[in-house]
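A closer look at the structure
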Amino acid sequence: MAFKWFKKKAQATPDQPKPAIDTQTDDTLPGDDDAAPQSAASEDDLQPDDQAAMPPGESDPAPAPQAEDSPPAAISDDKQGRGLFARLKSGLSKTRRILTTDIDELFLGKKLVDEDMIEDLEELLITSDMGVETTMDIMDKISAKRSRINAAGELKRVLKEEILAYFEDLPTSAEKRATATPHVVMVVGVNGVGKTTTIGKLAAHASRKGNKVLIAAADTFRAAAIEQIAIWADRAGADIVRHQDHADPAAVAYDSIDAAISRKVDTVFVDTAGRLHTKVNLMEEIKKIQRTLAKRLPDAPHEVLLVLDATTGQNALSQAKLFNDALGVTGIALTKLDGTAKGGIVVSICKGLNIPLKYIGVGEGVDDLQEFDPKRFVEALF
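Residues numbered from 1 in each chain as written. Predicted model: local features only at pLDDT ≥ 70, side-chain atom pairs only at ≥ 80, totals over all residues. Heavy atoms only, no water.

1. So, helix α4 (residues 115–127)
Filter applied, for reference: Secondary structure is summarised from DSSP: a helix means a run of H or I of at least four residues, a strand means a run of E of at least two, and numbering begins at the N terminus for each. Any helix carries an expected span of 1.5 Å times its number of residues minus one. The rule is simple: take the accessible area with a 1.4 Å probe, protein chains only, and divide by the maximum for that residue type; under 20% is buried, over 50% is exposed, in between is partly exposed.
The terminal C-alpha atoms of α4, which comprises 13 residues, lie 18 Å apart, in line with the 18 Å expected from a rise of 1.5 Å per residue. Of the residues making up α4, those classed as buried are Met117, Ile118, Leu121, Glu122, Glu123, Leu124, Leu125 and Ile126. Positive backbone phi, approximately 70 degrees, marks aspartate 129, located one or two places after α4.

In C-alpha cells:
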C-alpha cells in the first residue's frame, strides 16, 4: 500500500518542488551549535594563541545567585504534571492537527473502515514521519481489527494502543551508576541540533533538585561556543571549566573531572563540538574525550546522551546508528518537536533503535525540555 501512496503522490504533484526543511529552533540564545558547520580539521592540529590563553584547568565558579534567579516556589506534583502536559500538547500541535483532524474527516459519510480509508490513514502516518516500515506494521494491525472500528474515536484508541506498544518494548535506561560522585554525562550530536541549549536546560533542572552541577566546555572548536555555554552555566547556577579556544577538548574534560571531585560536584555535563557523523576523523576525536574521562574517573562517562533534531526526520535515525556504533549511546534527547508537523519521528526512532528516548524538547523554555513519558506523549499526539 505504501508504494501505491508514493505512486499516487508522484502522479498528483509531478512538478511540485521539494519543501524546505523547517529550521525553527528551540534555542533561546544566539550562536548555538546551529552555526554553519565547522572545518573538518582535527582539533589537535589547531594551535592555541599563547597570548590569549587561559592557564590550563582554570575554571569559573558559579556566580552568586541573584534574587530573580531563585528557583520558583515548590508546587504540587499534580499541578506541575498538568502544566507539563499542556506544554507538551502545545508543542505537538502541528502534528496533532494532521492526525486528529484528518482522522475525523476519514469517517465523514462512512461507518466502517474500508480499503480507501486504510490507504488514506497510511498516508497520514507516513506524512507525520513515522516511517514506512513502522506505518506498514501499524496498518497490518489496524486492518486485522477494522471490523470492530466504526468511529473516529475508536480508530484513535486503537492507534494509541499500537503506538504505546512500541514504547513498552524499549529497554529501560541502563546507564552505569558510579559508586562515587560525580555522575558524568557526555552530550554529543551533529551541528545545529541544540546540544548547548539542551545542556543548559538539563543543568537548570538538576540545580532545581538541589544538585551541585558543573559544565565542561569541551566544545573548543566552534566560534563563541565557550561564551554561550558560560551564559547557560550562569543561568543554571552551575560551575564551568573552560580553556582557551581551540584547546584540546580532552584536556578540558580531564580538568573538569579534577575540579568536580575537589568541589564535591554531583553532576558533570560535558559539552562536545558538533561533528558530522560521517567524518571518521571527527568521530575519533570524540572517542578520545570518552577515553580521557574513563582514564580520570573509572566507568565515566556514565551516560552518553545523543541530541537529535526532530525536524531532520528519518536522517536522525542514521545519525543515531553511527553515533551508537562509535560511542555506545545510552539515551536520546529529541529537540525541536514544536517546529515540525512530523512528530511521528518519535515512534519511528523508538521502533528503529534499541536506545531509550530520555528527553523531548517542545519549546524554547527550560521547562519545555521534558523527560519522555510515553503515555503522556501519545495522549498529546491525538
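2. Focus on the pattern of salt bridges
Our working definition: The working definition used for a salt bridge is a side-chain nitrogen of Lys or Arg within 4 Å of a carboxyl oxygen of Asp or Glu.
Following the criterion strictly, the structure yields 16 salt bridges and no others. Here arginine 157 ties to glutamate 161 by a salt bridge, and the two come within 2.3 Å at their closest N and O atoms. Here the residue arginine 157 and the residue glutamate 161 both occupy positions in helix α6 (residues 152–168), the gap between them amounting to four residues, near one helical turn. For glutamate 161, a relative accessible area of 38% translates into the label partly exposed. The closest approach of N and O atoms between aspartate 219 and arginine 222, which form a salt bridge, is 3.5 Å. Each member of the pair, aspartate 219 together with arginine 222, is buried. One continuous salt-bridge network, built from bridges that share partners, spans Asp137, Lys141, Lys145 and Glu162.

3. Considering the environment of glycine 313
Applied cut-off: The criterion used for residue contact is that any of the two residues' heavy atoms lie within 4.5 Å.
Among the secondary structure elements, glycine 313 is positioned in the loop between β6 (303–309) and α11 (315–327). Each C-alpha atom of the pair glycine 313 and isoleucine 349 lies 9.5 Å from the other, and the pair is 36 residues apart in sequence. Excluding residues within four positions of it along the chain, glycine 313 makes contact with Asp129 and Ile345.

4. Some points on the packing of helix α3 (residues 93–106) against α4
Where we set the bar: Every axis in this analysis is a line fitted to C-alpha atoms, fitted for helices over the stretch in contact. Angles between the N-to-C directions lie between 0 and 180 degrees. With respect to orientation, any angle under 35 degrees is reported as roughly parallel, any angle over 145 as roughly antiparallel, any angle of 65 to 115 as roughly perpendicular, and every other angle as oblique. Three categories are distinguished: nonpolar for Ala, Val, Leu, Ile, Met, Phe, Trp, Tyr, Cys and Pro, charged for Asp, Glu, Lys and Arg, and polar for the others, with Gly belonging to the last.
Two elements in contact, α3 and α4, have axes separated by 10 Å at closest approach and are oriented at 175 degrees. Our classification of the angle between α3 and α4 gives roughly antiparallel. For the pair formed by α3 and α4, the contact residues are Ile98, Leu99, Asp102, Ile103 and Leu106 on the first element and Met117, Asp120, Leu121, Leu124, Leu125 and Thr127 on the second. Here the contact of α3 with α4 is built from residues that sort into eight nonpolar, one polar and two charged.

5. Concerning helix α12 (residues 345–352)
Taking burial as the measure, the eight residues of α12 include six buried ones, the bulk of the element. Those residues of α12 that sit buried are Ile345, Val346, Val347, Ser348, Ile349 and Cys350.

6. Examining the side chain of threonine 292
Where we set the bar: Definition of a polar contact: a pair of N or O atoms within 3.5 Å, with one able to donate and the other able to accept a hydrogen when the atoms are protein atoms, and with sequence-neighbouring residues admitted only if both atoms are side-chain atoms.
Secondary-structure assignment places threonine 292 in helix α10 (residues 280–296). Of note is the side chain of threonine 292, whose polar atom sits 2.8 Å from the backbone oxygen of lysine 288. Those residues in contact with threonine 292 that lie beyond four places of it in its chain are Ala250 and Tyr254.

7. Section: the environment of glutamine 319
Mapped onto the elements, glutamine 319 comes out in helix α11. On the accessibility criterion, glutamine 319 (4% relative accessible area) is buried. Separated by twelve residues in sequence, glutamine 319 and valine 307 place their C-alpha atoms 9.8 Å apart.

8. Section: the packing of aromatic side chains
Applied cut-off: In this scheme Phe, Tyr and Trp rings, the latter by its six-membered ring, pair at centre separations within 6.5 Å, and the angle between planes marks the pair as stacked below 30 degrees, edge-to-face above 60, and tilted otherwise. We call a charge positioned over a ring when the NZ of a Lys or the CZ of an Arg lies within 6 Å of the ring centre and within 35 degrees of the ring normal.
With the rule as written, the count across this model stands at three aromatic pairs. With centroids separated by 5.2 Å and ring planes inclined at 75 degrees, the aromatic side chains of phenylalanine 167 and phenylalanine 372 adopt a geometry described as edge-to-face. Placement of the pair is phenylalanine 167 in helix α6 and phenylalanine 372 in the loop between β9 (369–371) and α13 (374–381), with a sequence separation of 205 residues. Phenylalanine 372 carries the same exposure label as phenylalanine 167, and that label is buried. Members of the aromatic cluster, connected to one another through ring pairs, are Phe167, Phe372 and Phe377. Geometry around tryptophan 232 places arginine 235 over its ring, the cationic atom sitting 5.4 Å from the centre. Directly above the ring of tyrosine 254 sits arginine 296, whose terminal nitrogen or CZ lies 6.0 Å from the centroid.

9. Quick notes on the environment of leucine 202
Its location among the elements puts leucine 202 in helix α7 (residues 195–208). Distance from leucine 202 to tyrosine 359, taken between C-alpha atoms, is 9.7 Å for residues 157 residues apart in sequence. Once residues lying within four places of it in the same chain are set aside, the contact partners of leucine 202 are Phe269, Leu305, Tyr359 and Leu369.

10. With respect to the side chain of aspartate 219
Relative to the assigned elements, aspartate 219 resides in the loop between β3 (213–218) and α8 (225–236). You can call aspartate 219 buried: its relative accessible area is 2%. In terms of polar contacts, aspartate 219 uses its side chain to reach the backbone amide nitrogen of phenylalanine 221, at 3.4 Å. Of note is the side chain of aspartate 219, whose polar atom sits 3.3 Å from the backbone nitrogen of arginine 222. With near-sequence residues (within four places) excluded, aspartate 219 lies in contact with Ala225, Ile226, Asp271, Thr272, Ala273 and Gly274.

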